Amino acid sequence: MQDRPDAEQAREGRRRAGVVAFLVGLFVTLAFFAFRPGLPHVIDWGAVLAAMVVGGLARWSCRSWMTRTARKKPGSL
């Protein structure tokens, strides 16, 4: 019963890391489309959708990496 707060804390940490990874992927992709020389400096719906996809991939990869490393640690969830 004492492990319950640790499990909740770990779940909250994974959620926060996923949100941060999504936002970083989103903003990096939007910055790429906004400031890359040679591209039109207009953020259109295609760039927004691409940024959301990259953000989702960043979130997925962050969460899978955290889950994989948590399994390798002895005594972790």
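The coordinates are above.
Quick summary incoming for the structure in this document. Since the model is a prediction, treat every value here as computed from it, not as a measurement. (Residues numbered from 1 in each chain as written. Predicted model: local features only at pLDDT ≥ 70, side-chain atom pairs only at ≥ 80, totals over all residues. Heavy atoms only, no water.)

## Digging into the overall build of the chain
- Helices and strands together make up the secondary structure of the chain, namely 2 helices and 0 strands.
- Buried positions account for 14% of the 77 residues belonging to the chain.
- Taking all contacts inside the chain whose residues are at least 6 apart in sequence as the whole, residues at least 24 apart take part in 60%.
- Carbon and sulfur atoms provide 66% of the accessible area of the chain, an area that totals close to 6200 Å². (Helix = DSSP H or I, 4+ residues; strand = E, 2+ residues; numbered from the N terminus. Buried < 20%, exposed > 50% of the residue type's maximum accessible area, 1.4 Å probe, protein only. Contact = heavy atoms within 4.5 Å. Areas by Shrake-Rupley, 256 points an atom, 1.4 Å probe, with all protein chains shown as cover.)

## Examining a nonpolar patch on the surface
- On the surface, V19, L23 and F27 cluster together into a nonpolar patch covering about 260 Å² of accessible area.
- Among the secondary structure elements, L23 is positioned in helix α1 (residues 4-35).
- Look at L23 and you get partly exposed, because its relative accessible area is 37%. (Patch = residues over 30% accessible without salt bridge, like charges linked within 9 Å, V, L, I, M, F, W, Y side chains within 5 Å. Salt bridge = Lys/Arg side-chain N within 4 Å of Asp/Glu carboxyl O.)

## Re the side chain of T29
- Following the sequence through the fold, T29 ends up in helix α1.
- By relative accessible area, T29 is classed as buried at 10%.
- Every residue in contact with T29, bar those within four places of it in the chain, is listed here: A50, A51 and V54.

## Structural notes on the packing of aromatic side chains
- This model, assessed by the stated rule, comprises 1 aromatic pair.
- With a centroid separation of 5.5 Å and an interplanar angle of 70°, the aromatic rings of F32 and F33 are classed as edge-to-face. (Phe/Tyr/Trp six-rings, centres within 6.5 Å; stacked < 30°, edge-to-face > 60°.)

## So, helix α2 (residues 45-72)
- For α2, spanning 28 residues, the distance from its first C-alpha to its last is 41 Å, which sits close to the expected 40 Å at 1.5 Å a residue.
- Where α2 is concerned, the buried positions are A47, A51, G55, C62 and A70. (Expected span 1.5 Å × (residues − 1).)

## Observations concerning the environment of T69
- Checked against the element boundaries, T69 lands in helix α2.
- One polar contact links the side chain of T69 to the main-chain carbonyl oxygen of M66, over a distance of 3.1 Å. (Polar contact = N/O pair within 3.5 Å; in protein donor to acceptor, adjacent residues only side chain to side chain.)

## Examining the pattern of salt bridges
- Scanning the model with the defined rule gives 3 salt bridges in all.
- With a shortest N-O distance of 2.8 Å, E8 and R11 are connected by a salt bridge. Of this pair, E8 and R11 both sit in helix α1, 3 residues apart, which is roughly one turn of that helix.
- Using a relative accessible area of 42% as the deciding quantity, one classes R11 as partly exposed.
- Across the pair E12 and R16 runs a salt bridge, and its minimum N-O distance is 3.3 Å. On the criterion of helical spacing, the pair formed by E12 and R16 is a turn pair, its members being 4 residues apart in helix α1.
- Taking relative accessible area as the criterion, E12 reaches 31% and is therefore assigned partly exposed.
- Residues joined in a network through salt bridges with shared partners are E12, R15 and R16.

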